[in-house]
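Here are the chains, one letter per residue:
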Amino acid sequence: MYLKKISLFNYKNFSEANFEFDTKINCFVGKNGIGKTNVLDAIYHLSFGKSYFNPLAVQNIKHGEEFFVVDGEFEKNERTEQIVCSLKKGQKKILKRNGKQYEKFSDHIGFIPLVIISPADRDLIVEGSETRRKFVDSVISQLDTSYLLELIQYQKILNQRNALLKYFALNQVFEKDTLSIYNEQLNSLGQRIFEKRKEFITDFIPIFNKHHQAITGSEEKVQLVYESSLFEKDLLTLLEENLSKDRTLHFTSVGIHKDDLSFEIDGFPIKKFGSQGQQKSFLIALKLAQFEFIKKQSGVKPILLFDDIFDKLDETRVEKIIEMVNNDTFGQLFISDTHPERTEAIVKSTHQSYKIFNL
């Protein structure tokens, strides 16, 4: 599977731009602020129907314009697949495959497997648990449609339960039977989501450890620890035990929406006790493990986006990535970099076909 070409209209800083790609390596080079990362984000849009960097969809429209369109042509299973993502101000975003509009974006997730490695990944370490849950959910969702649907349904019922708790407080009433219906539904969905997350982490950890060891060559012991209150009790029991707390807070304080993935080095949080170099190695190992996990499970090499990472890596880490390219570990690769000469030297050393786009 690979992306053959892409067209951008009024997307971020581009009025109109067209790119035809090499099946292996594609590099976007130029000064900061010229739009290299924006092209990568457009490719991400075609896989996930949203931006990796900006959650506000309307802000991806070029300043002063009314709409954007990202149009991509892929080769998959010897078939041409056209994916178009567009948004007009004041309207819903539209995602189409071969001219047919998706009713639900969730139906598209996993069709174009993709992994991005970016300096923005540091949010996985420094931000709250929601960011790390999204990482886990994103990997599983690309491989398991039912998981994504269960997540969406869980969130919908959670919102309804929270609205009911607020209604109780506002009207000074309490209807236990109504609340019980939501509790039962959350328990059923939450348990399935918990089991799938648990299974994923168990399978993912050895792959992550392998990549971390290969990148660092060190004896540092790193850990990924799945944290969930469902390890102790089932969700129904937890919801009942925390009812008075939930009524006081007006929202649901326990459940799989509070799960976390703890990043540790030698038994301590890497956020507090890891150096910048250790954090960097941890994140790259995490993303390379994500790539390998999706490849193993789906049988397809995901498209891989490297956003400005050569600027952040030392020579040893760059050599490790080149080695993986040479071993044909990756499929199609997209790279952004500020140094054209450095980029060309790196990609030439892989002895693979490539294209360089000077922006």
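Rules of the game
- Residues numbered from 1 in each chain as written.
- Predicted model: local features only at pLDDT ≥ 70, side-chain atom pairs only at ≥ 80, totals over all residues.
- Heavy atoms only, no water.
- Helix = DSSP H or I, 4+ residues; strand = E, 2+ residues; numbered from the N terminus.
- Rg over C-alpha atoms; globule rule 2.2 N^0.38 Å.
- Contact = heavy atoms within 4.5 Å.
- Areas by Shrake-Rupley, 256 points an atom, 1.4 Å probe, with all protein chains shown as cover.
- Lys, Arg positive; Asp, Glu negative; His and termini not counted.
- Charge placed at Lys NZ, Arg CZ, Asp CG, Glu CD.
- Pairing = 2+ DSSP bridges.
- Axes fitted to C-alpha atoms, helices over the stretch in contact; angles between N-to-C directions.
- Salt bridge = Lys/Arg side-chain N within 4 Å of Asp/Glu carboxyl O.
- Buried < 20%, exposed > 50% of the residue type's maximum accessible area, 1.4 Å probe, protein only.
- Left-handed = near helix turned anticlockwise from the far one by under 90°.
- Parallel < 35°, antiparallel > 145°, perpendicular 65-115°, else oblique.
- Nonpolar A, V, L, I, M, F, W, Y, C, P; charged D, E, K, R; others polar.
- Core = buried A, V, L, I, M, F, W, Y, C linked by side-chain atoms within 4.5 Å.
- Phe/Tyr/Trp six-rings, centres within 6.5 Å; stacked < 30°, edge-to-face > 60°.
- Lys NZ or Arg CZ within 6 Å of the ring centre and 35° of its normal.
- Polar contact = N/O pair within 3.5 Å; in protein donor to acceptor, adjacent residues only side chain to side chain.

Enquirer: What is the right way to read the overall build of the protein from this model?
Expert: Looking only at helices and strands, the protein features 11 helices and 14 strands. On C-alpha atoms alone, the protein measures out to a radius of gyration of 22 Å, which is about the 21 Å that the 2.2 N^0.38 rule sets for 359 residues. Overall, the protein is about 70 × 55 × 35 Å in size when its C-alpha atoms are taken along their principal axes. Counted over contacts in the protein with a minimum sequence separation of 6, partners at least 24 positions apart contribute 72%. Of the roughly 17,200 Å² of accessible surface on the protein, a fraction of 48% belongs to carbon and sulfur atoms. Separation of charge centres in the protein, based on 49 positive and 50 negative side chains, amounts to 4 Å.

Enquirer: How should the sheet that holds strand β8 (residues 114-117) be read in this particular structure?
Expert: Hydrogen bonds between backbone groups are what pair the strands of a sheet, and the pairing can be parallel or antiparallel. Taken in spatial order, the five strands of this open sheet run β8-β12-β13-β3-β14, and their pairing is parallel. At either end of the open sheet lies a strand with only one pairing partner, and these are β8 and β14 (354-358). In this sheet, adjacent strand axes meet at a mean angle of 15° when their direction is disregarded. As paired elements, strand β12 (residues 303-307) and strand β13 (residues 333-337) share four bridges and run parallel to each other. Across the sheet, residue Phe 306 finds its bridge partner in β13, namely Ile 335.

Enquirer: Is there a simple way to explain the sheet that holds strand β9 (residues 222-227) in this structure?
Expert: Pairing is antiparallel in the open sheet, where three strands are placed in the order β9-β10-β11. Looking at which strands have only one partner, the edges of the open sheet turn out to be β9 and β11 (268-269). Bridge count between β9 and strand β10 (residues 260-265): six bridges; the pairing is antiparallel. Residue pairing for β10: Val 225 is matched across the bridge by Ser 262.

Enquirer: Looking at this structure, how should I read the pattern of salt bridges?
Expert: Oppositely charged side chains can form a pair if their charged atoms are brought close together. One pass over the structure, following the stated rule, counts 20 salt bridges. Of the charged contacts in the structure, one is a salt bridge between Glu 292 and Lys 210, with a shortest N-O distance of 2.8 Å. Residue Glu 292 is found in helix α9 (residues 276-298), and its partner Lys 210 is found in helix α5 (residues 176-216); the two are separated by 82 residues along the sequence. A salt bridge links Lys 296 to Glu 292; the nearest nitrogen and oxygen atoms lie 3.3 Å apart. Of this pair, Lys 296 and Glu 292 both sit in helix α9, four residues apart, which is roughly one turn of that helix. Glu 292 sits in the buried class, given a relative accessible area of 11%. Overlapping salt bridges, with partners in common, bring together Lys 4, Lys 5, Glu 73 and Glu 75 in one network.

Enquirer: Please explain the packing of helix α4 (residues 145-171) against α5 as it appears in this structure.
Expert: A packed helix pair is summarised by two numbers, namely the angle formed by the two axes and the spacing between the axes. It is at 9 Å that the axes of α4 and α5 come closest, and there the two elements cross at 150°. The crossing of α4 and α5 is left-handed.

Enquirer: Which parts of the structure should I look at to understand the packing of helix α3 (residues 129-141) against α4?
Expert: Their axes nearest at 7 Å, the elements α3 and α4 cross at an angle of 140°. One element, α3, and the other, α4, form an angle in the oblique class. Facing Asp 137, Ile 140 and Ser 141 of α3, the residues of α4 in contact are Thr 145, Tyr 147, Leu 148 and Leu 151. Across the contact of α3 with α4, the residue classes break down as four nonpolar, two polar and one charged.

Enquirer: So what exactly am I meant to see when it comes to the nonpolar core here?
Expert: When a protein is soluble and globular, its nonpolar side chains tend to lie buried together. Ranked by internal contacts, the top residues of the largest apolar core, which has 69 residues, are Phe 204, Phe 208, Phe 263, Leu 286 and Phe 330. Tallying contributions element by element places α5 first for this core, with 12 residues. Excluding residues within four positions of it along the chain, Phe 330 makes contact with Lys 24, Leu 288, Phe 291, Lys 301, Leu 304, Ile 321, Met 324 and Val 325. Core analysis: the next-biggest nonpolar cluster, separate from the first, contains 35 residues, Phe 14, Val 39, Tyr 102 and Ile 116 among them.

Enquirer: When you look at the packing of aromatic side chains in this model, what are you seeing that I'm missing?
Expert: We describe a pair of aromatic rings using the distance from one ring centre to the other and the angle between the two ring planes. This model, assessed by the stated rule, comprises 27 aromatic pairs. Ring plane angle 70° and centroid distance 6.2 Å describe the contact between Phe 135 and Phe 204, whose orientation is recorded as edge-to-face. With Phe 135 in helix α3 and Phe 204 in helix α5, this residue pair connects regions lying 69 residues apart in the sequence. The same class applies to Phe 135 as to Phe 204, namely buried. Among the aromatic residues, ring-to-ring pairing joins Phe 14, Phe 19, Phe 21, Phe 28, Phe 334 and Phe 357 into one connected group. Above the face of the Phe 111 ring, Lys 76 is positioned so that its terminal group lies 4.0 Å from the ring centre. Arg 247 extends its terminal NZ or CZ atom over the ring of Phe 174, reaching a point 4.0 Å from the ring centre.

Enquirer: Just to check I follow, could you spell out the environment of Leu 158 for this structure?
Expert: By secondary structure assignment, the location of Leu 158 is in helix α4. Looking at Leu 158, the relative accessible area reads 4%, which means it is buried. Not counting chain neighbours up to four residues away, the residues in contact with Leu 158 comprise Leu 186, Thr 252 and His 257.

Enquirer: Sorry if this is basic, but what is going on with the side chain of Asn 183 here?
Expert: Note on placement: Asn 183 falls in helix α5. On the basis of relative accessibility, which here comes to 7%, the residue Asn 183 falls in the buried class. A polar side-chain atom of Asn 183 sits 2.7 Å from a polar atom in the side chain of Arg 161. Sequence-distant contacts of Asn 183, that is, excluding residues within four places in its chain, are made with Arg 161, Leu 236 and Leu 239.

Read these as geometric descriptors, not functional statements.
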